[in-house]
Amino acid sequence: CCVTASALVATRRALPTARRAAPAAAVTMRDFKKPNVENTVPYREATALSERFQYELYAGAPKKKRVAVIGGGPSGACAAEICAQEPNIETYIIERKFDNAKPCGGAIPLCMVDEFDLPADIIDRKVRKMKMISPSNVEVDIGSTLKDDEYIGMCRREVMDGYLRDRAVEFGAQPINALVTSIDCPTGADDRYTIHYSRNDLGRKAPEETLDVDVIIGADGANSRVAKAIDAGEYNFAIAFQERIKIDDEKMAFYDELAEMYVGDDVSPDFYGWVFPKYDHVGVGTGTVLNRPGIKMYQDAIRERAGEKIAGGKVIKVEAHPIPEHYRPRRLKDRAMLVGDAAGYVTKCSGEGIYFAAKSGRMAGEAVVKAMAGGTKLPTEAELDDLYIKPYDKLYYPTYTVLDILQKVFYTNNAAREAFVDMCRSEYVQDVTFQSYLYKRLVTPNPVEDIKLLFGTVGSLLRGRAIATPDKPFSNPVESLKRL
């Protein structure tokens, strides 16, 4: 018995040694790739069911108000940033393409840098000199009235828009990479809007999803879904076309702090062509509302006018986009409002829209937060009109009106364009133009200088008529029927 017991003990002691001598292959969770269940339909359906259960379970508890900002450009990002800072409001920002690069000259006024706390590294170039070039190629240099610390900032839209959007997300806005397909408006006073969308980050076969919200800020551009949903009406729009052209270092040095603007019926019958410096290339483009089918012809002309200064350059990107020409007939209905291009906030004559987009988005966001009293109630249309629409128009409608008049006077024919460039020789004209552009305020008139300007304008118009070549006629009967 003792021998048997000793043998058993010896055997049991030997077993671990035997196992260590021939271990089995160890299998751990690290050997398996984590499934991406969050992007599956069952996961999202279960999440939605869980949220619905929690909502019904705690139906008696107050629920947070929801704001959806549709569009992730400057107007949408600035609106979302304001709303996201209110802890009792859930803010969503829905953008179709997070890497979108809108075709745009990319110029921003100096006041925008401080007002919107923009970092220096999103500004590619600081333009302190400009050349105005007439139909007969008369060049006038402007910029002598600028102070040493004054400039026009040149940005790439994908860089600036991305920065503003990321900042809104950091404040708490929930990003959704999706295309909005339709919007159901509420039928009752306290009902929510239902946004239908398909997520772009899930591919073409992504199922339709919905989001119920209390307030919508439409920052979705000229082809706005929000505008369609609230029956905001139509507006005339221009087609802007731009090529990004990479030129050699020597040619790029010429545009270091310089931008060029060309006028003439060859580059546009109602606008101007431009060569604007960017980080390592130039943006060369033009736009028109009167003859949109001829946009490529006008683009060829601006490249020809720029000539040797961009010769040999490589086109690295081609862009085109609709640009609104005036306000939409309706910018607010119930608890849905429009900002930026969706509202029509682009100036005539200069074609500026970035600052007004950001400003309108911020003002709309502030109006929503104030009207919702910290997320405790739904805003009314009258409150939003008083807090957003009326203050915005009071600040900027005079600017839109003045620039509309200037475009109608000076962009209609080559004689007027020659006069426009000739007038830019005046330091008074330059100073008034830059001060109103850089700081977004109408300059206090100087009666003596204004009288001089009046006589100077008459003289410029007479000289323009003497040297200008007649505008070439164009015909687009089908397209012209689409204009309002």
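As a starting point, this report considers the structure included with it. (Residues numbered from 1 in each chain as written. Predicted model: local features only at pLDDT ≥ 70, side-chain atom pairs only at ≥ 80, totals over all residues. Heavy atoms only, no water.)

Some words on the overall build of the protein
Then, in step 1: Summing up its helical and strand segments, the protein has 14 helices and 18 strands in all.
Then, in step 2: By residue count, 49% of the 484 residues in the protein fall in the buried class.
Then, in step 3: In the protein, 73% of the contacts between residues at least 6 apart in sequence involve partners at least 24 apart.
Then, in step 4: Counting only carbon and sulfur atoms, one obtains 56% of the accessible surface of the protein, whose full area is about 24800 Å². (Helix = DSSP H or I, 4+ residues; strand = E, 2+ residues; numbered from the N terminus. Buried < 20%, exposed > 50% of the residue type's maximum accessible area, 1.4 Å probe, protein only. Contact = heavy atoms within 4.5 Å. Areas by Shrake-Rupley, 256 points an atom, 1.4 Å probe, with all protein chains shown as cover.)

Thoughts on helix H9 (residues 354–371)
What sets the pattern is the α-helix's 3.6 residues per turn: residues three or four places apart point alike.
Then, in step 1: The terminal C-alpha atoms of H9, which comprises 18 residues, lie 26 Å apart, in line with the 26 Å expected from a rise of 1.5 Å per residue.
Then, in step 2: Burial within H9 is extensive, with 16 of its 18 residues counted as buried.
Then, in step 3: Directly after H9, the chain includes Ala-373, whose backbone phi takes a positive value near 50°. (Expected span 1.5 Å × (residues − 1).)

Considerations on the packing of aromatic side chains
Then, in step 1: Across all of its chains, the model carries 17 aromatic pairs by this definition.
Then, in step 2: Look at Phe-271 and Tyr-272: their rings are 4.4 Å apart centre to centre, the planes differ by 25°, and that puts the pair in the stacked class. A single burial state applies to Phe-271 and to Tyr-272, both of which are buried.
Then, in step 3: Judged by centre distance (5.7 Å) and plane angle (85°), the rings of Tyr-411 and Phe-420 are edge-to-face.
Then, in step 4: Through successive ring pairs, a cluster of aromatic residues spans Phe-116, Tyr-327, Tyr-345, Tyr-355, Phe-356, Tyr-392, Tyr-396, Tyr-397 and Tyr-400.
Then, in step 5: Over the ring of Phe-237 we find Arg-292; its NZ or CZ atom is 4.1 Å from the centre of that ring.
Then, in step 6: The ring of Tyr-235 is capped by Arg-328, whose NZ or CZ atom sits 4.1 Å from the centre of that ring. (Phe/Tyr/Trp six-rings, centres within 6.5 Å; stacked < 30°, edge-to-face > 60°. Lys NZ or Arg CZ within 6 Å of the ring centre and 35° of its normal.)

A few points about the packing of helix H11 (residues 414–423) against helix H13 (residues 447–467)
Then, in step 1: Put simply, H11 and H13 touch, their axes get as near as 7 Å, and they point 135° apart. When the axes of H11 and H13 are compared, the pair comes out oblique. The chirality of how H11 crosses H13 is right-handed. Taken together, the residues of H13 that come into contact with H11 (itself represented by Ala-415, Ala-416, Glu-418, Ala-419, Asp-422 and Met-423) are Leu-453, Thr-457, Ser-460, Leu-461, Arg-463, Gly-464, Arg-465 and Ile-467.
Then, in step 2: Taken together, the residues that form the contact of H11 with H13 break down as seven nonpolar, three polar and four charged. (Axes fitted to C-alpha atoms, helices over the stretch in contact; angles between N-to-C directions. Parallel < 35°, antiparallel > 145°, perpendicular 65-115°, else oblique. Left-handed = near helix turned anticlockwise from the far one by under 90°. Nonpolar A, V, L, I, M, F, W, Y, C, P; charged D, E, K, R; others polar.)

Looking at the pairing of strand S1 (residues 65–70)
Then, in step 1: Extensive coverage of S1 is indicated by the burial of six of its six residues.
Then, in step 2: For S1 and strand S2 (residues 89–95), the ladder comprises six bridges, and the chain directions are parallel. Pairing of Lys-65 across the sheet is with Ile-89, part of S2.
Then, in step 3: Once the chain exits S1 it traverses helix H3 (residues 74–84) before rejoining the sheet at S2, and the crossover so formed is right-handed. (Pairing = 2+ DSSP bridges. Right-handed = clockwise from strand over helix to strand, strands pointing away.)

Section: unusual backbone geometry
Then, in step 1: The backbone of Asp-231 sits at a positive phi, close to 55°, despite the residue not being glycine.
Then, in step 2: Assignment of secondary structure puts Asp-231 in the loop between helix H6 (225–229) and strand S12 (237–246).
Then, in step 3: Positive phi is not limited to glycine here, since Ala-373 has a value of about 50°.
Then, in step 4: With respect to the helices and strands, the residue Ala-373 is situated in the loop between H9 and helix H10 (381–410).
Then, in step 5: Of the residues examined, Ala-373 reaches a relative accessible area of 37% and is grouped as partly exposed.

Re the sheet that holds strand S8 (residues 174–184)
Then, in step 1: The strand order S10-S9-S8-S2-S1-S11-S18-S17 describes an open sheet built from eight strands, whose pairing is mixed. One side of each edge strand has no neighbouring strand; the edge strands of this open sheet are strand S10 (208–213) and strand S17 (332–333).
Then, in step 2: Docked against the sheet, H3 engages S1, S2 and strand S11 (215–218), running at close to 160° with respect to S2.

Thoughts on the pairing of S10
Then, in step 1: Only one face of S10 is buried: it carries Glu-209, Leu-211 and Val-213, and the other face, with Glu-208, Thr-210 and Asp-212, is open.
Then, in step 2: One ladder, built from six bridges, connects strand S9 (residues 193–199) with S10; its direction is antiparallel. Paired with Ser-198 across the two strands is Glu-208, which belongs to S10.

Considering H11
Then, in step 1: The buried fraction of H11 amounts to ten of the ten residues, a majority that puts the element mostly inside the structure.
Then, in step 2: Of all the positions in H11, only Asn-414, Ala-415, Ala-416, Arg-417, Glu-418, Ala-419, Phe-420, Val-421, Asp-422 and Met-423 are classed as buried.
Then, in step 3: For H11, the capping residue at the N-terminal end is Asn-413, with a side-chain oxygen 3.1 Å from the backbone nitrogen of Ala-415. (Polar contact = N/O pair within 3.5 Å; in protein donor to acceptor, adjacent residues only side chain to side chain.)

Notes on the pattern of salt bridges
Then, in step 1: Using the criterion set out here, one finds 28 salt bridges in the structure.
Then, in step 2: The residue Glu-115 makes a salt bridge to Lys-359 at a minimum N-O spacing of 2.7 Å. Residue Glu-115 is found in helix H4 (residues 110–115), and its partner Lys-359 is found in helix H9; the two are separated by 244 residues along the sequence.
Then, in step 3: Note on Glu-115: relative accessible area 27%, which makes it partly exposed.
Then, in step 4: The class of Lys-359 is buried, set by a relative accessible area of 16%. (Salt bridge = Lys/Arg side-chain N within 4 Å of Asp/Glu carboxyl O.)

Quick notes on the sheet that holds strand S7 (residues 152–154)
Then, in step 1: Ordered by their spatial adjacency, three strands build an open sheet running S3-S7-S4, and the pairing between neighbours is antiparallel. The strands lining the two open edges of the sheet, one partner per strand, are strand S3 (107–108) and strand S4 (125–127).

Here's the deal with the environment of Ile-152
Then, in step 1: Structurally, Ile-152 is set in strand S7.
Then, in step 2: Spatially, the C-alpha atom of Ile-152 lies 9.5 Å from that of Ile-123, the residues being 29 residues apart in sequence.
Then, in step 3: In contact with Ile-152, not counting residues within four places along its chain, are Ala-107, Ile-108, Arg-125, Lys-126, Val-127, Met-130, Phe-434, Tyr-437 and Leu-438.

A short note on the environment of Tyr-355
Then, in step 1: Tracing the chain through its elements places Tyr-355 in helix H9.
Then, in step 2: Distance from Tyr-355 to Pro-74, taken between C-alpha atoms, is 8.2 Å for residues 281 residues apart in sequence.
Then, in step 3: Of note is the side chain of Tyr-355, whose polar atom sits 2.9 Å from the side chain of Glu-115.

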